[in-house]
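# Results of the structural survey
Residue strings, one per chain:
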Amino acid sequence: MVQSQNKTVDMTIKATSLNGLTNYGSIMIGDKAFEFYSDRNEKDYIQIPWGEIKCVYASVYLKGKYISRFALSTKENGNFTFSTRDNKATLRAINKYIDSDNLVRSLTFFQVLIRGIKHLFKIKI
């Protein structure tokens, strides 16, 4: 059995981990860490302390009315992507422990496309 790093839990919600194969489970947001526990395999879990999180990216649609998923970028271990039943409430709970400057909207498809085209014209062969 895995020990939780949190002393107190602010929020527990059903979630999906979108890293590699999809895993269904629960996210616990507490005073010490962000934690994901799988429903099927108790050895499949993710625990990220708040000090390890560099930035949180959210995929925002319809001018902020809908958030499809969010990603946690860590200092050493890369990105972890999640989706919950209520992503807005989850991001509000994360905002208590992460500075608002580190909560960022991810780029849209067209922004990525335009940046790629601009980069092609800057390259001189």
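In case you missed it, the structure is sitting above this.
Residues numbered from 1 in each chain as written. Predicted model: local features only at pLDDT ≥ 70, side-chain atom pairs only at ≥ 80, totals over all residues. Heavy atoms only, no water.

## A look at the packing of aromatic side chains
For any two aromatic rings, the description comes down to two numbers: the centre-to-centre distance and the angle of the planes. On inspection of all chains with the given rule, the structure shows seven aromatic pairs. Both rings, one in Phe34 and one in Phe70, keep their centres 6.4 Å apart while their planes meet at 90°; by these two values the pair is edge-to-face. One end of the pair, Phe34, is in strand β3 (residues 33-38); the other, Phe70, is in strand β6 (residues 66-74), and 36 residues separate them in sequence. (Phe/Tyr/Trp six-rings, centres within 6.5 Å; stacked < 30°, edge-to-face > 60°. Helix = DSSP H or I, 4+ residues; strand = E, 2+ residues; numbered from the N terminus.)

## Some details on the side chain of Thr16
Secondary-structure assignment places Thr16 in strand β1 (residues 9-17). With near-sequence residues (within four places) excluded, Thr16 lies in contact with Thr22, Asn23, Tyr24, Phe36, Thr81, Phe82 and Ser83. (Contact = heavy atoms within 4.5 Å.)

## Some thoughts on helix α1 (residues 87-95)
Among all positions of α1, only Asn87, Thr90, Leu91, Ala93 and Ile94 are buried. Considered in projection along α1, the buried side chains sweep an arc of 155° and stay on one side of the axis. (Buried < 20%, exposed > 50% of the residue type's maximum accessible area, 1.4 Å probe, protein only. Arc of directions from axis to C-beta.)

## Quick look at the pairing of strand β5 (residues 53-61)
One ladder, built from eight bridges, connects β5 with β6; its direction is antiparallel. Paired with Ala58 across the bridge in β6 is Phe70. Bridge count for β5 against strand β8 (residues 103-105) is three bridges, and the pairing is parallel. Within β8, the residue paired with Ala58 across the bridge is Arg105. (Pairing = 2+ DSSP bridges.)

## A short note on the sheet that holds β6
Ordered by their spatial adjacency, eight strands build an open sheet running β4-β3-β2-β1-β7-β6-β5-β8, and the pairing between neighbours is mixed. Since the sheet does not close on itself, it has two edges, and those belong to β4 (45-49) and β8, each with one partner. The sheet shows a mean angle of 30° between the axes of neighbouring strands, direction not considered. Pairing analysis gives five bridges linking β3 to β4, with the strands arranged antiparallel. Bridge assignment links Phe34 to a residue of β4, and that residue is Ile48. (Axes fitted to C-alpha atoms, helices over the stretch in contact; angles between N-to-C directions.)

## Things to note about a nonpolar patch on the surface
On the surface, a cluster of nonpolar side chains totalling about 710 Å² of accessible area is made up of Phe109, Phe110, Leu113, Ile114, Ile117 and Phe121. As for its placement among the helices and strands, Phe121 is situated in helix α2 (residues 109-122). (Patch = residues over 30% accessible without salt bridge, like charges linked within 9 Å, V, L, I, M, F, W, Y side chains within 5 Å. Areas by Shrake-Rupley, 256 points an atom, 1.4 Å probe, with all protein chains shown as cover. Salt bridge = Lys/Arg side-chain N within 4 Å of Asp/Glu carboxyl O.)

## Quick word on the nonpolar core
Within the largest apolar cluster, 22 residues are counted, with the highest numbers of intra-cluster contacts made by Ile27, Ile29, Phe34, Ile53, Phe70, Phe82 and Ile94. Counting only elements with at least two residues in this core, the list comes to β1, β2 (23-30), β3, β4, β5, β6, β7 (79-84) and α1. Once residues lying within four places of it in the same chain are set aside, the contact partners of Ile94 are Ile29, Phe34, Trp50, Val56, Phe70 and Leu103. (Core = buried A, V, L, I, M, F, W, Y, C linked by side-chain atoms within 4.5 Å.)

## Considerations on the layout of surface pockets
By volume, the largest pocket amounts to about 210 Å³. Lining the largest pocket, in full, are Val56, Ala58, Val60, Gly64, Ile67, Lys88, Leu91, Leu103, Val104 and Arg105. Each residue belonging to the lining of the largest pocket can be placed in one class, and the counts come to seven nonpolar, one polar and two charged. (1 Å grid on protein atoms, 1.4 Å probe; cavity = no way out; pocket = protein on both sides within 12 Å on 5 of 7 lines; lining within 4 Å. Points joined across faces, edges and corners; volume = space filled by probe spheres on them. Nonpolar A, V, L, I, M, F, W, Y, C, P; charged D, E, K, R; others polar.)

## So, α2
With 14 residues, α2 extends 20 Å between its outermost C-alpha atoms, agreeing within 8% with the 20 Å of an ideal straight helix rising 1.5 Å per residue. Summarising burial for α2: zero of the 14 residues are buried, a small minority. (Expected span 1.5 Å × (residues − 1).)

From the geometry alone we can't say anything about function, so treat these as descriptive.
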